[in-house]
Amino acid sequence: MAAISNTILALIKSGDHIIAPDPVYSGVYAFLKQIINIYGVEVTYVPSGDLDAYRKAIKLNTKIFYGETPTNPVLSLLDLKAFADIAKTVPGAISMCDSTFASPILQDTLGAGIDIVFQSCTKYLGGHSDLLAGSMCTSDPDLFFYLSEHQKITGNIMSPYTASILLRGIRTLPIRMEKHSDNALQVAKFLEAHPKISRVFYPGLPSHPDYEVAKKQMKKFSGMVVCDIKDGMQAAKTFVQVRLRVIEKKLARK
Ligand SMILES: *Cc1c(COP(=O)(O)O)cnc(C)c1O
């Protein structure tokens, strides 16, 4: 969140306009709703992944096109190349994308033409549940210099210890993303065939509404799987609170 909030604050001024998706990662939503408003910046929300809605939301003062793909938690997708092209039609505007759920291994977000890419390194890049970190990447040298200076001045700097264990995590990132993806695809297929599951959301399943976009821009489909359980909330609670614990105990015994 520090990488995302610091970067947005560095690039907007009062009177600017941001187009952001809804749903979006809950922390980003809270940041836009509770902090950005104070600065006199206007935010228009569009349905996640809806390129036409982004196009229609453009104003003379649009400064930031914000996207996320795959989204947390419902795993909808944004066509990165098309999104970057829309942002390029507005002079001075900047496209940003949160690629946390894909990691840099499964999706070349900068290569698709996006100006700034975020990762929550707390998740896949760290990989060992022992650090909190975030990254901001750009291939534009001027933007990088400007944002680095802003980062230094505002003191938004990762601790050296965190940086060292993050590097350790990144060394195994490619092999972990492969395995996460292979495992998740198997789980997704299992759940899709299960009689007590009504719907599975996984970008690597042909039943996913954005499967074609996923195949175009992702090497594999990452480790997150979402499903709806038949019989509603009570059944879902039983699944999480009772049944998952049983599996946990079985694994612990082995
Ligand atoms: C977790 C997450 C974040 C925030 O990351 P922190 O490291 O917890 O600040 C941002 N975006 C997405 C998509 C996430 O899943």
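It should be noted that the structure appears before, not after, this text.
Residues numbered from 1 in each chain as written. Predicted model: local features only at pLDDT ≥ 70, side-chain atom pairs only at ≥ 80, totals over all residues. Heavy atoms only, no water.

Participant: I'd like to hear about the overall build of the protein chain, residue by residue, with values.
Facilitator: Counting its secondary structure elements, the protein chain contains 10 helices and 8 strands. Against the compact-globule benchmark of 18 Å for 254 residues, the protein chain has a radius of gyration of 19 Å, which places it among compact chains. Principal-axis analysis of the C-alpha atoms gives the protein chain an extent of 55 × 45 × 35 Å. Here the protein chain, with 254 residues, has 44% of them falling under the buried criterion. A separation of at least 24 residues holds for 67% of the contacts in the protein chain among residues at least 6 apart in sequence. Working note: accessible area of the protein chain is about 13700 Å², and carbon and sulfur atoms make up 60% of it. For the protein chain, the separation between the mean place of its 29 positive charges and that of its 23 negative charges on side chains is 9 Å. (Helix = DSSP H or I, 4+ residues; strand = E, 2+ residues; numbered from the N terminus. Rg over C-alpha atoms; globule rule 2.2 N^0.38 Å. Buried < 20%, exposed > 50% of the residue type's maximum accessible area, 1.4 Å probe, protein only. Contact = heavy atoms within 4.5 Å. Areas by Shrake-Rupley, 256 points an atom, 1.4 Å probe, with all protein chains shown as cover. Lys, Arg positive; Asp, Glu negative; His and termini not counted. Charge placed at Lys NZ, Arg CZ, Asp CG, Glu CD.)

Participant: For the packing of helix α1 (residues 2-11) against helix α6 (residues 141-154), give the residues involved together with the corresponding values.
Facilitator: Where α1 contacts α6, the axes come no closer than 10 Å and their chain directions differ by 110°. One element, α1, and the other, α6, form an angle in the roughly perpendicular class. Note that α1 runs across α6; the crossing there is right-handed. Taken together, the residues of α6 that come into contact with α1 (itself represented by Asn6, Thr7, Leu9, Ala10 and Leu11) are Leu143, Tyr146, Leu147, His150, Gln151 and Thr154. Split by residue class, the contact of α1 with α6 holds 6 nonpolar, 5 polar and no charged. (Axes fitted to C-alpha atoms, helices over the stretch in contact; angles between N-to-C directions. Parallel < 35°, antiparallel > 145°, perpendicular 65-115°, else oblique. Left-handed = near helix turned anticlockwise from the far one by under 90°. Nonpolar A, V, L, I, M, F, W, Y, C, P; charged D, E, K, R; others polar.)

Participant: Any details on the site of the ligand? Residues and values, ideally.
Facilitator: Neighbouring the ligand are Met1, Tyr25, Glu68, Asn72, Asp98, Thr100, Phe101, Ser120, Thr122, Lys123 and Ala133. Residue Met1 places a main-chain N or O atom 2.9 Å away from an oxygen atom belonging to the ligand. Side-chain polar atom of Asp98 to a nitrogen atom of the ligand: 2.5 Å apart, as the coordinates give it. Among the residues making up the shell around the ligand, the classes are represented as 4 nonpolar, 4 polar and 3 charged. (Near = heavy atom within 4 Å. Polar contact = N/O pair within 3.5 Å; in protein donor to acceptor, adjacent residues only side chain to side chain.)

Participant: Please provide a residue-by-residue account of a nonpolar patch on the surface, values included.
Facilitator: Residues Ile35, Ile38 and Tyr39 make up a contiguous nonpolar surface patch of about 310 Å² in total accessible area. Along the polypeptide, Ile35 turns up in the loop between α2 (26-34) and β2 (42-47). (Patch = residues over 30% accessible without salt bridge, like charges linked within 9 Å, V, L, I, M, F, W, Y side chains within 5 Å. Salt bridge = Lys/Arg side-chain N within 4 Å of Asp/Glu carboxyl O.)

Participant: Describe the pairing of strand β4 (residues 94-98), with residues and values.
Facilitator: Of all 5 residues that make up β4, 5 are buried, and the element is covered over most of its length. Neither face of β4 is exposed, since Ile94, Met96 and Asp98 on one face and Ser95 and Cys97 on the opposite face are all buried. For strand β3 (residues 62-68) and β4, the ladder comprises 5 bridges, and the chain directions are parallel. Residue pairing in the sheet places Glu68 in a bridge with Asp98 of β4. Assessed by its sense of winding, the connection that carries the chain from β3 through helix α4 (residues 80-88) to β4 is right-handed. Across 3 bridges, β4 lies against strand β5 (residues 116-120) in parallel orientation. Its bridge partner lying in β5, Asp98 is registered against Phe118. (Pairing = 2+ DSSP bridges. Right-handed = clockwise from strand over helix to strand, strands pointing away.)

By themselves these figures say nothing about function.
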